[in-house]
Amino acid sequence: IRTPMLDRLAAQGAQFDQLYAQPMCTPTRAALMTGRYPFRYGLQSGVIPSAGTYGLATDEYLLPQMLKDRGYETALIGKWHLGHAKTEYWPRQRGFDHFYGALVGEIDHFKHASHGVKDWYRGNRPIVEQGYDNTLFGDEAVRLISQHKGDKPLFIYLAFTAPHSPYQAPDKFVKPYESVSDEQRRLYSAMVTAMDDSIQRVIAALERKGMRDNTMIVFQSDNGGVRSAMFAGESKVGNNLPADNGPFRDGKGTLYEGGTRVVGFMDWPGHIRPGTIEGMAHVVDMYPTIAAITGAKLEKNKPLDGINLW
């Protein structure tokens, strides 16, 4: 799968050889936002379904709240999936100055809807837009960076919906994979390349703004590639699922390495040396690590499970 921008960033940064996440989306995102294992607040079992009325506990002190208290401008662009039934669970109420994207976990990438119900927001307001979601997420990040005044540091949580089912991508990204006979693998590949294209545009925006050398980039997946239709989501998929977890057993939804051991790297020019981090790390470690790098105070959070990797 063609990912020239991700390949470049990974090569010049620190690649995690043993980076672990939770086996599904909601638990991993909760761990990232809190620095705490999701069984501590009841989100360990699976994802929040469309009909779910619960969300990430409101007494948790989230990563964007901590960074906001440190003086950061905070933004979530993309997928939330930590509570949608009540506005108190929504991103703008949880420490994000800006929110653009989807509240629920799985949407049609062109129609921006789940089961025919629109799920596309700017702030707390539903909006209607045309376009491919993973391209629009890149557009929004570029816009935010380009308009950034520089009076505050900036934190962007850019959560793509690629390569989540349903497998869809614009023709220009599908065309290079015409030789791939399996349709799902072809579309899956195109989605990953579409994400890489958006990341390339974000990096270019940082460079134009003169922010690149003072920006740390963390890239990781929220779980291993899905190998069972049981864990593929609510949309219909075929039996021959397109993800490949290499030598690792099984995939998303399981506790095997294929479900929990994920790709990841950290890149920061002049601060992080190129190489491989061979020790074990987990998504909960990002909270205390980012706190250490930014000088944010760990005063309002509950006891952390993560450790400072810096």
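These figures come from a predicted structure and were not determined experimentally. Position numbers for residues start from 1 in each chain and track the written sequence from start to end. Reporting of local features is limited, given that this is a predicted model, to residues whose pLDDT is at least 70; pairs of side-chain atoms are given and counted only at 80 or more, and all residues count toward the totals for whole chains, interfaces and linings. The side-chain numbers reported here are obtained from all heavy atoms of the structure, hydrogens and water having been left aside.

A. Region of the structure containing the overall build of the chain. The helix count covers DSSP runs of H or I at least four residues long, the strand count covers runs of E at least two residues long, and both are numbered beginning at the N terminus. Each helix and strand in the chain was counted, giving eight helices and 12 strands. When we talk radius of gyration, it's over C-alpha atoms, and the globule rule is simply 2.2 Å times the number of residues to the 0.38. The globule rule puts the C-alpha radius of gyration for 310 residues at 19 Å, and the 18 Å found for the chain is close to it. Along the longest, intermediate and shortest principal axes, the C-alpha atoms of the chain span 50 × 40 × 40 Å. When the 310 residues of the chain are sorted by exposure, 55% land in the buried category. In this analysis, two residues are considered to be in contact whenever any of their non-hydrogen atoms come within 4.5 Å of each other. Contacts spanning at least 24 positions in sequence make up 68% of the contacts within the chain whose residues lie at least 6 apart. Surface accessibility of the chain: about 14,200 Å² in total, with carbon and sulfur atoms responsible for 50%. Exposure is judged per residue with a 1.4 Å probe applied to protein chains only, and the accessible area is read against the type maximum: over 50% gives exposed, under 20% gives buried, and values in between give partly exposed. Accessible surface area values rest on a Shrake-Rupley calculation with a 1.4 Å probe, where residue burial reflects the displayed protein chains alone.

B. Inspection of the pattern of salt bridges at higher detail. Whenever a carboxyl oxygen of Asp or Glu lies within 4 Å of a side-chain nitrogen of Lys or Arg, that contact is scored as a salt bridge. If you walk through the whole model with that rule in mind, you get 15 salt bridges. The salt bridge partner of arginine 201 is aspartate 197, with a shortest N-O separation of 3.5 Å. Of the two residues, arginine 201 and aspartate 197 are both situated in helix H6 (residues 183-208); the distance of four residues between them amounts to about one turn of the helix. With a relative accessible area of 21%, arginine 201 lands in the partly exposed category. Judged by its relative accessible area of 25%, aspartate 197 falls in the partly exposed class. Overlapping salt bridges bring together Asp17, Glu257 and Arg261 as one network.

C. Summary view of the sheet that holds strand E6 (residues 121-122). Each pair of strands is called paired provided DSSP finds at least two bridges between the two strands. Taken in spatial order, the five strands line up as E7-E6-E3-E2-E8 in an open sheet, and their pairing is mixed. Strands at the two margins of the open sheet, each flanked by one partner only, are strand E7 (125-126) and strand E8 (154-159). Note that strand E3 (residues 98-102) and E6 share two bridges and pair antiparallel. Across the sheet, the residue bridging to glycine 101 is tyrosine 121, located in E6. Interaxial angle, 0 to 180 degrees, is taken between N-to-C directions of lines fitted to C-alpha atoms, where a helix line uses only the stretch in contact. Strands in contact with helix H2 (residues 25-34) are strand E2 (73-79) and E8; relative to E8, the strand with the most contacts, it is inclined by about 170°.

D. Focus on the nonpolar core. We define a nonpolar core as any set of buried Ala, Val, Leu, Ile, Met, Phe, Trp, Tyr and Cys residues linked to one another through side-chain atoms lying within 4.5 Å. Residues Leu9, Tyr100, Trp120, Tyr167, Met195, Ile199 and Ile203 are the most contacted members of the largest nonpolar core, which totals 46 residues. Among the elements of the structure, helix H1 (4-12), E2, E3, helix H4 (133-147), helix H5 (171-174), H6 and strand E9 (217-220) are those that each provide at least two residues to this core. Tallying contributions element by element places H6 first for this core, with 12 residues. If sequence neighbours within four positions are ignored, isoleucine 203 has contacts with Met5, Arg8, Leu9, Arg212 and Ile217. Core analysis: the next-biggest nonpolar cluster, separate from the first, contains 41 residues, Ala21, Tyr61, Trp80 and Tyr287 among them.

E. Representation of the pairing of E2 in the model. In terms of burial, E2 is largely enclosed, as seven of its seven residues are buried. Where E2 lies against E8, six bridges are found, and the strand directions are parallel. The residue bridging alanine 75 from the neighbouring strand is isoleucine 156, located in E8.

F. Structural view of unusual backbone geometry. Cis geometry marks the peptide bond from alanine 162 to proline 163, where omega comes out at 0°. If you trace the backbone, proline 163 turns up in the loop between E8 and H5. Residues other than glycine seldom take positive phi values, yet histidine 115 does so here, at roughly 55°. By the secondary structure assignment, histidine 115 is in the loop between strand E4 (113-114) and strand E5 (117-118). Overall, the relative accessible area of 56% leaves histidine 115 in the exposed class. If you check the backbone angles, aspartate 250 has positive phi at about 60° while not being a glycine.

G. Local environment of the packing of H4 against H6. In contact at an axis separation of 9 Å, H4 and H6 are set at 5° when each is read in the N-to-C sense. Regarding the angle of H4 to H6, the classification is roughly parallel. Between H4 and H6, the residues in contact are Asn134, Thr135, Gly138, Asp139, Ala141, Val142, Ile145 and Ser146 and Ser198, Arg201, Val202, Ala205, Leu206 and Arg208, respectively. Asp, Glu, Lys and Arg are counted as charged, while Ala, Val, Leu, Ile, Met, Phe, Trp, Tyr, Cys and Pro are counted as nonpolar; the rest, among them Gly, fall into the polar class. Looking at side-chain class alone, the contact of H4 with H6 contains six nonpolar, five polar and three charged residues. Roughly parallel here means an angle under 35 degrees, roughly antiparallel means over 145, roughly perpendicular means 65 to 115, and every remaining angle is called oblique.

H. Geometry of the environment of threonine 53. By the element assignment, threonine 53 lies in the loop between H2 and helix H3 (63-69). By relative accessible area, which is 53% here, threonine 53 ends up exposed. Through-space distance from the C-alpha of threonine 53 to that of lysine 86 is 7.4 Å; in sequence the pair is 33 residues apart. Excluding residues within four positions of it along the chain, threonine 53 makes contact with Ala85, Lys86 and Tyr89.

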